[in-house]
Amino acid sequence: MAVLQQGCSASIARSLRPHISMTAAAAIASPPMVVPMLRKTDSRFLIGMSESELRQLALDYGQKSYRGKQLHDLLYKTRAKEIQDFSHLPQVFREELREAGWRVGRSPIHRAVTASDGTVKILIRLEDNRLIEAVGIPVEDDKGSFRLTACVSSQVGCPLRCSFCATGKGGYSRNLLRHEIVEQVMAIEEIFKHRVTNVVFMGMGEPMLNLKSVLEAHRCLNKDIQIGQRMMTISTVGVPNTIKMLASHKLQSTLAVSLHAPNQKIREEIIPSAKSYPLDAIMHDCKEYFLETGRRVSFEYTLLAGTNDAVEHAIELAELLHCYSRGSHVNLIPFNPIDGSEYRRPYKKAVLAFAAALEDKKITVTVRQTRGLDASAACGQLRNDFQKSPLLEVPTTESQLSPL
Ligand code: SF4
């Protein structure tokens, strides 16, 4: 589900390096070529690869290891989008990479819309013409410090079909590859001309159903794009056995569990997949996650008018959280209306009463401000609007990125 406001803060010392326009290719004599044995897999995308993998790639092609470091700079600093733009590298190396089917792994922006609060939603057109959403959320606090949160998708669509979610209603196509996750952050940095300070895996899809790519993208964002682990949040609505799996990686990032209900009965009404993962089992796994990683789990709760937003629901939620841990934090998200939804947005009075009831029970609460409501409302809605009509064949240029 879409993030509307991320609670983390970060001071921004980094600035996005300007694109370096490169001059003619350096004509450097290459050592005798060694034909590398590459597997026919989807791994021929350079984005997502670490510096050591890129150094090995250079060696595989008979180049010196430092060419791998140059590749790393070209990908993550210069932000070259095509192999032909790698003018620092010998022509022969570039040709060999291209002939072997290597690609950078950057996709065009199909559409971008800007909300009045500065939130930008982008639709990225993937190689197979599928569309994914990513959101850039700029926030300047009272002290003038600026942060830019990227809300990224991990799947094309989502198979879990939570009843309030536009992405769930749009169906599921496939998991994203690691470069398709990383490039969302890069695209947002390029649109805002500013480094992304926070990343939330809260866009389209359930990250735990694509944990391998999510972890690989997380590594790349941390090590190659240099976003601190503590500035990243991985969310889940709950997939059996995956919280334990994630805990074993001992990340310093936040795990956000989307509860959306204080008891199993309401949860099953809102989240059909909850039948296979009872609330008690999730809460037990969250407790184990904390013991394993030392990182507290935060809980997301979408308030749906008349369904889960009464004060008694807040009291029941507080009791549930106290059973499993002390010092829980809940992010309350007033529901964003979506087309064809049976749910309504809660009244402000109900939201405040719910928050107060939790605080009375010593649960800390953040009420997320609604961000980008006019930029096609909830997560998945922008993509659904476009996916209904045939995809355009014409490449999108910067001038087509239209503010609404
Ligand atoms: S898991 Fe997230 S993206 Fe998937 S249907 Fe539920 S809320 Fe939507």
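Residues numbered from 1 in each chain as written. Predicted model: local features only at pLDDT ≥ 70, side-chain atom pairs only at ≥ 80, totals over all residues.

1. Describing the overall build of the protein chain
Thinking step 1. Of the regular secondary structure elements, the protein chain holds 12 helices and 12 strands.
Thinking step 2. For the protein chain, with 404 residues in total, the buried portion stands at 44%.
Thinking step 3. Intrachain contacts of the protein chain at a sequence separation of at least 6 include 72% that bridge at least 24 residues. (Helix = DSSP H or I, 4+ residues; strand = E, 2+ residues; numbered from the N terminus. Buried ≥ 20, exposed ≤ 12 C-beta atoms within 10 Å, placed from the backbone. Contact = placed C-beta atoms within 7 Å.)

2. A closer look at the pairing of strand E9 (residues 254-258)
Thinking step 1. Most of E9 is tucked away: five of the five residues are buried.
Thinking step 2. For strand E8 (residues 232-236) and E9, the ladder comprises four bridges, and the chain directions are parallel. When the bridges of E9 are listed, serine 235 appears paired with alanine 256.
Thinking step 3. With four bridges connecting them, E9 and strand E10 (residues 297-303) associate as parallel partners. Its bridge partner being in E10, leucine 255 is matched across the sheet by valine 297. (Pairing = 2+ DSSP bridges.)

3. With respect to the packing of helix H1 (residues 51-60) against helix H2 (residues 66-78)
The angle between the axes and the distance between the axes are what describe a pair of packed helices.
Thinking step 1. Two numbers describe how H1 lies on H2: the axes approach to 7 Å, and their chain directions differ by 130 degrees. When the axes of H1 and H2 are compared, the pair comes out oblique. In this structure, H1 meets H2 at a crossing whose hand is right-handed. Each of Glu51, Leu54, Arg55, Gln56, Leu57 and Ala58 in H1 lies in contact with H2, whose residues at this interface are Arg67, Gly68, Lys69, Leu71 and His72. (Axes fitted to C-alpha atoms, helices over the stretch in contact; angles between N-to-C directions. Parallel < 35°, antiparallel > 145°, perpendicular 65-115°, else oblique. Left-handed = near helix turned anticlockwise from the far one by under 90°.)

4. Observations concerning the confidence of the model for the protein chain
Thinking step 1. Across the protein chain, pLDDT averages 85, with 81% of residues at or above 70.
Thinking step 2. Every residue in residues 1-42 scores below 50 in pLDDT, and together they form 80 contacts with partners more than four places removed in sequence or on other chains.
Thinking step 3. Every residue in residues 388-404 scores below 50 in pLDDT, and together they form 14 contacts with partners more than four places removed in sequence or on other chains. (pLDDT = per-residue confidence, 0-100.)

5. Some details on the nonpolar core
Nonpolar side chains in soluble globular proteins tend to end up buried together.
Thinking step 1. By size, the foremost hydrophobic cluster in this structure holds 98 residues, and its most contacted members are Ala134, Val185 and Val199.
Thinking step 2. Taken domain by domain, the makeup of this core includes at least three residues from each of domain 1 (51-99) and domain 2 (109-391).
Thinking step 3. In contact with valine 199, not counting residues within four places along its chain, are Ala150, Val152, Val185, Leu221, Ile227, Met231 and Met232. (Core = buried A, V, L, I, M, F, W, Y, C linked by C-beta atoms within 7 Å. Domains from an automatic or database assignment.)

6. Some details on the pairing of strand E1 (residues 109-114)
Thinking step 1. Of the pairings in the sheet, the one linking E1 to strand E2 (residues 120-125) comprises five bridges and is antiparallel in character. Opposite valine 113, over in E2, you have lysine 121 as the bridge partner.
Thinking step 2. Between the end of E1 and the start of E2, which pair antiparallel, lie five residues, with glycine 118 showing a positive phi angle near 95 degrees.

7. Details of the environment of phenylalanine 93
Thinking step 1. Within the secondary structure layout, phenylalanine 93 lies in helix H3 (residues 91-99).
Thinking step 2. A sequence separation of 31 residues divides phenylalanine 93 from glycine 62, and the C-alpha atoms of the two residues are 8.6 Å apart.

8. Here we look at helix H9 (residues 279-293)
Since there are 3.6 residues in each turn of an α-helix, residues three or four apart along the chain are aligned in direction.
Thinking step 1. If you check H9, its first and last C-alpha atoms are 21 Å apart, about what 15 residues at 1.5 Å a residue would give, namely 21 Å.
Thinking step 2. Each element contacted by the buried residues of H9 is listed here: helix H7 (242-247), E9, E10 and helix H10 (311-324).
Thinking step 3. Just beyond H9, the residue with positive phi is glycine 294, at close to 75 degrees. (Expected span 1.5 Å × (residues − 1).)

9. Remarks on the packing of H10 against helix H11 (residues 348-360)
Thinking step 1. Closest axis-to-axis distance for the H10/H11 pair is 8 Å, and the angle between their directions is 30 degrees. Here H11 runs roughly parallel to H10, going by the angle between their axes. Between H10 and H11 lies a crossing of right-handed hand. When H10 is examined against H11, the residues Val311, Ala314, Ile315, Leu317 and Ala318 are found in contact with a partner set consisting of Ala353, Phe354, Ala357 and Leu358.
Thinking step 2. Taken together, the residues that form the contact of H10 with H11 break down as nine nonpolar, no polar and no charged. (Nonpolar A, V, L, I, M, F, W, Y, C, P; charged D, E, K, R; others polar.)

10. Some details on the sheet that holds strand E11 (residues 329-334)
Thinking step 1. With mixed pairing, 10 strands are arranged side by side in an open sheet as E1-E2-E3-E4-E7-E8-E9-E10-E11-E12. Two strands close off the open sheet at either side, each with one partner strand: E1 and strand E12 (364-367). Strand-to-strand, the axes of this sheet are offset by a mean angle of 20 degrees, without reference to chain direction.
Thinking step 2. Sheet topology note: the E11/E12 ladder contains four bridges and is parallel. Bridge pairing in E12 links leucine 332 to valine 367.

11. Observations concerning unusual backbone geometry
Thinking step 1. We note that arginine 161 has phi near 55 degrees; this positive angle belongs to a residue other than glycine.
Thinking step 2. Along the chain, arginine 161 turns up in the loop between strand E5 (155-157) and helix H4 (166-169).
Thinking step 3. Despite not being glycine, lysine 193 has its phi angle at roughly 55 degrees, a positive value.
Thinking step 4. Position of lysine 193 relative to the elements: it lies in the loop between helix H5 (178-192) and strand E7 (198-201).
Thinking step 5. Since 9 C-beta atoms lie within 10 Å of it, lysine 193 is described here as exposed.

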